[in-house]
Amino acid sequence: MSQTTADVVIIGAGAAGLMAAATAGYAGNRVLLLDHTDKPGKKILMSGGGRCNFTNLNTTPENFISSNPHFCISALKRYTPQHFLELVERHGVDYVEKAPGQLFCAGKSRELLDILLTEADWAGVDLRMKTRIEAVEATASGVNLATSAGRIEAGHLIVATGGLSIPTLGATGFGYDLARDLGLDVLPLRAGLVPLTLHPDLKEHLAPLSGLSTEVSVTTGGRTFQEPLLITHRGLSGPAILQASSYWQAGEEVVINWLPRLDLKAELTRLREQQPKTSLASWLAEQLPKRLAATLVEFLEASQGSLPLRLADFSNNRLQEVAAFLQAWSFIPAGTEGYRTAEVTLGGVDTRALSSRDFSVQACPRIRFIGEVLDVTGHLGGYNFQWAWASGVAAGQGLEA
Ligand SMILES: Cc1cc2nc3c(=O)[nH]c(=O)nc-3n(C[C@H](O)[C@H](O)[C@H](O)COP(=O)(O)OP(=O)(O)OC[C@H]3O[C@@H](n4cnc5c(N)ncnc54)[C@H](O)[C@@H]3O)c2cc1C
């Protein structure tokens, strides 16, 4: 078996690993970047619907979920969205701001991945795909790795193996297992930014509306997101639901405001005066996709009894009940679609055992963990890549022996 030596070995050629590799390489280290799949950066290619939402200009620590919320501050401050944008511009890749702050490639995600591969190449990184890691041993002077391509001896190890989401793209629990072997805590893992599934009785009513989308606000776990919701044949999705899913705990309620831009009680009261002959159903069908409006009226009648035909015949109390129903419609999801479709994995390596400056393990300073494998998870909108870039840069620095 061959024996390779390197200053730094990085496991995981995804967003964070590529960024760390280029940074460490430019700093003069001999860098070996290993991955068990056949191609680097597969999630980058899939991301943002093929256009990679590569950062968010409005990134703040509040856009991240972590049981140690201060941990991300230092790295995010030192490598900002503006820094990454400069890199994108230097490579001449066009981008668009689709929603406020959310930057996407104007062309394909491939162009973004090519930036990282080019940088890694320029920095002299030795990228080796299809390499299985069989064992990791921490030594006084660094790490020894047993791999399918032989033994590797390195001064430092950076673990950038990501989360469990989308196993078909190469996700494994390797980083979590290694962290546990090193005596670190791994905080409970669950799928995040993921569609919610419905119990059969609700699914039966909503599945026929599959494809309909409308802006709502969704509240769960103490957080509210006002964005589009999409009904699918499996349940509910769209940005509002994906965001809420990261705060949802099994068995808890999710509350939807179907008309988040209106003070509904006041609006219906005004309408009752000005257009007394209008029916609630016909008014609702002008505010929401027609079939969704009809289904909500069915739900309303099932819960509160049949509705008067004309708004004129609604009492104040009844208007109040209708408004409360449509603006705080609650249900308990059956679950989520799980890691098969989740964009991220919540939980992960407990950051309390790591330096927030360089991401090294306090008890084992030659080993660093970065990216999604950590207990730091971004909201939807380019934050997760910004975390990959920022943590990659922080860990790629200061590795000189
Ligand atoms: C469909 C989809 C769309 C997304 N869209 C966006 C978006 O538009 N914007 C955004 O900010 N975020 C998006 N995300 C989230 C984002 O992709 C991740 O947060 C980010 O890629 C995490 O970077 P990472 O380097 O930590 O992990 P990854 O990018 O997942 O990289 C981990 C690497 O480690 C390798 N690996 C795993 N196990 C092993 C092992 N045992 N041995 C060797 N190698 C291993 C994997 O093959 C992979 O190459 C999306 C995610 C998904 C799934």
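That block above? That's the structure.
This section reports on the structure supplied with the text. On a predicted model such as this, the values are computed, not experimentally measured, just so you know. (Residues numbered from 1 in each chain as written. Predicted model: local features only at pLDDT ≥ 70, side-chain atom pairs only at ≥ 80, totals over all residues. Heavy atoms only, no water.)

## Some remarks on the overall build of the chain
How we decide: For the purposes of this entry, the term helix denotes a DSSP run of H or I that reaches at least four residues, the term strand denotes a run of E that reaches at least two, and both are numbered from the N terminus. Partly exposed describes any residue whose relative accessible area lies between the buried limit of under 20% and the exposed limit of over 50%, with all areas from a 1.4 Å probe on protein chains only and scaled to the type maximum. By definition, residues are in contact when any of their heavy atoms lie within 4.5 Å. Residue exposure ignores everything except the shown protein chains as possible cover, and the areas themselves are Shrake-Rupley values with a 1.4 Å probe. When charges are tallied, Lys and Arg are placed among the positive residues and Asp and Glu among the negative ones, while His and the ends of the chain are skipped. Each charge is placed at NZ for Lys, CZ for Arg, CG for Asp and CD for Glu.
Along the chain, the regular secondary structure elements total 13 helices and 22 strands. Oriented by its inertia axes, the alpha-carbon framework of the chain measures out at about 85 × 40 × 35 Å. Out of the 401 residues in the chain, the part that is buried amounts to 54%. For the chain, the proportion of contacts with a sequence separation of at least 24, taken over those separated by at least 6, is 73%. Just so you have it, the chain exposes about 16900 Å², and 51% of that area is on carbon and sulfur atoms. The centroid of the 34 positive side-chain charges in the chain is displaced by 2 Å from the centroid of its 40 negative side-chain charges.

## A look at the site of the ligand
The criterion, for reference: To be near a molecule or strand, a residue needs just one of its heavy atoms within 4 Å of it. Within 3.5 Å is the distance limit for a polar contact, defined as a pair of N or O atoms, with the added protein rule that one can donate a hydrogen and the other accept it, and that residues adjacent in sequence qualify only through two side-chain atoms. By the convention adopted, Pro, Cys, Tyr, Trp, Phe, Met, Ile, Leu, Val and Ala count as nonpolar, Lys, Arg, Asp and Glu as charged, and the other residues, Gly among them, as polar.
Ala16, Asp35, Thr172, Glu372 and Phe385 are the nearest of the 29 residues found near the ligand. At 2.8 Å from an oxygen atom of the ligand is found a main-chain nitrogen or oxygen belonging to Ala16. Against a free-state accessible area of 1000 Å², the protein chains account for coverage of 93% of the ligand. For the shell around the ligand, the secondary structure elements donating two or more residues are helix H1 (15–26), helix H2 (42–50) and helix H13 (383–396). The element contributing the most residues to the shell around the ligand is H2, with 4 residues. When grouped by side-chain class, the residues that make up the shell around the ligand number 11 nonpolar, 14 polar and 4 charged.

## Concerning unusual backbone geometry
The phi dihedral of Ile166 is positive, around 60°, even though this residue is not glycine. Looking at the element boundaries, Ile166 is found in the loop between strand E10 (150–159) and helix H6 (174–181). For Ile166, a relative accessible area of 15% corresponds to the buried category. Its identity is not glycine, yet Leu193 carries a phi of approximately 45°, on the positive side.

## Description of the sheet that holds strand E5 (residues 95–99)
The condition is simple: Each pair of strands is called paired provided DSSP finds at least two bridges between the two strands. Only C-alpha atoms enter the line fits that serve as axes; for helices the fit covers just the stretch in contact. Angles between N-to-C directions range over 0 to 180 degrees.
Strand order across the open sheet formed by 3 strands is E3-E6-E5, with antiparallel pairing between neighbours. Of all the strands in the sheet, the pair left with one neighbour each is strand E3 (53–56) and E5. Here the strands of the sheet are splayed against their neighbours by 35° on average, with no regard to which way each runs. Two strands pair when backbone bridges link them, and E3 and strand E6 (residues 102–105) are joined in this way by 3 bridges, in the antiparallel orientation. Directly across from Asn56, in E6, lies its bridge partner Gln102. Here helix H4 (residues 81–90) sits on the sheet and contacts E3, E5 and E6; the angle it forms with E3, its principal contact strand, is near 140°.

So far we have only geometry, and geometry alone does not tell us how the molecule works.
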